[in-house]
Amino acid sequence: MTAIGSTSPTTPTSTTGTQAGGNPKGTLGKDDFLKLFVAQMQHQDPMSPMDNNAMVQQMSAISSVEQLTNLSAANEKMASQLAQSGALGLIGRTVTWADAEGTQTGTVEKVTVTDGTPSLTVDGIPGVDPSTITQVA
């Protein structure tokens, strides 16, 4: 039986089953690794069980995936907080931004945060995306 971590990087894989199972990104997470590991343990040949080193490598890989998942979540939270902080620093400042109507200029009156994403109200115009700002005075 082949260990999970020992597959060749050039081996073609199908994500169809993963996507149909509720994983729209088609990537494996820590729960997917644990399910694969348990399935591998249940279906191994009793006459030729998995090598202890292979088991330790797989558990290490599962731990690494979990830590990377935690790190990714922390980075997303930090990025959201930085975006909010940057938007709050614009209150009272004159900004120039580009939208569908062209380039506009005005003073930032307030910041609204919805689902972690800030939007500005500039001279009574709500919903200005801070990423469209081209100049701050």
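Everything here concerns the structure above.
S.K.: What's the story with the overall build of the protein chain in this structure? I'm lost.
M.R.: Looking only at helices and strands, the protein chain has 3 helices and 5 strands in total. Moving toward the C terminus, one meets the helices and strands of the protein chain in the order α-α-α-β-β-β-β-β. Counting over 137 residues, the protein chain shows a buried share of 20%. Residue pairs at least 24 apart in sequence account for 42% of intrachain contacts in the protein chain once pairs closer than 6 positions are excluded.

S.K.: How do you make sense of the sheet that holds strand β2 (residues 102–114) when you look at a structure like this?
M.R.: In sheet architecture, strand pairing relies on hydrogen bonds along the backbone and comes in two forms, parallel and antiparallel. A sheet is described by the order of its strands in space; here 5 strands give the open sequence β4-β3-β2-β1-β5, paired in antiparallel fashion. Of all strands in the sheet, those bounded by a partner on one side alone are β4 (125–128) and β5 (133–136). The average angle at which neighbouring strand axes cross in this sheet is 45 degrees, direction not considered. Bridge count for strand β1 (residues 94–99) against β2 is 6 bridges, and the pairing is antiparallel. Within the sheet, the bridge partner assigned to Asp99 lies in β2 and is Gly102.

S.K.: Explain the pairing of β4 to me, please; I cannot follow it from the model alone.
M.R.: Two faces, one strand: in a regular strand the side chains alternate between the faces of the sheet. In this sheet, β4 lies alongside strand β3 (residues 117–122) in antiparallel orientation, the contact comprising 2 bridges. Each bridged residue has a counterpart across the sheet, and for Leu120 the counterpart in β4 is Val128. With antiparallel pairing between neighbouring strands as the criterion, β3 and β4 make up a hairpin whose turn holds 2 residues, including Asp123 at a positive phi of roughly 50 degrees.

S.K.: Please clarify how helix α3 (residues 52–88) should be interpreted in this entry.
M.R.: One full turn of an α-helix is made of 3.6 residues, so residues set three or four places apart face in the same direction. Over its 37 residues, α3 runs 54 Å from end to end, which matches the ideal 54 Å to within 8%, given 1.5 Å per residue. By the burial criterion, the buried members of α3 are Ala54, Gln58, Ile62, Val65 and Ala87. Along its buried surface, α3 packs onto α2 (30–42), β2 and β3.

Reading the values: rules and limits
Residues numbered from 1 in each chain as written. Predicted model: local features only at pLDDT ≥ 70, side-chain atom pairs only at ≥ 80, totals over all residues. Heavy atoms only, no water. Helix = DSSP H or I, 4+ residues; strand = E, 2+ residues; numbered from the N terminus. Buried < 20%, exposed > 50% of the residue type's maximum accessible area, 1.4 Å probe, protein only. Contact = heavy atoms within 4.5 Å. Pairing = 2+ DSSP bridges. Axes fitted to C-alpha atoms, helices over the stretch in contact; angles between N-to-C directions. Expected span 1.5 Å × (residues − 1).

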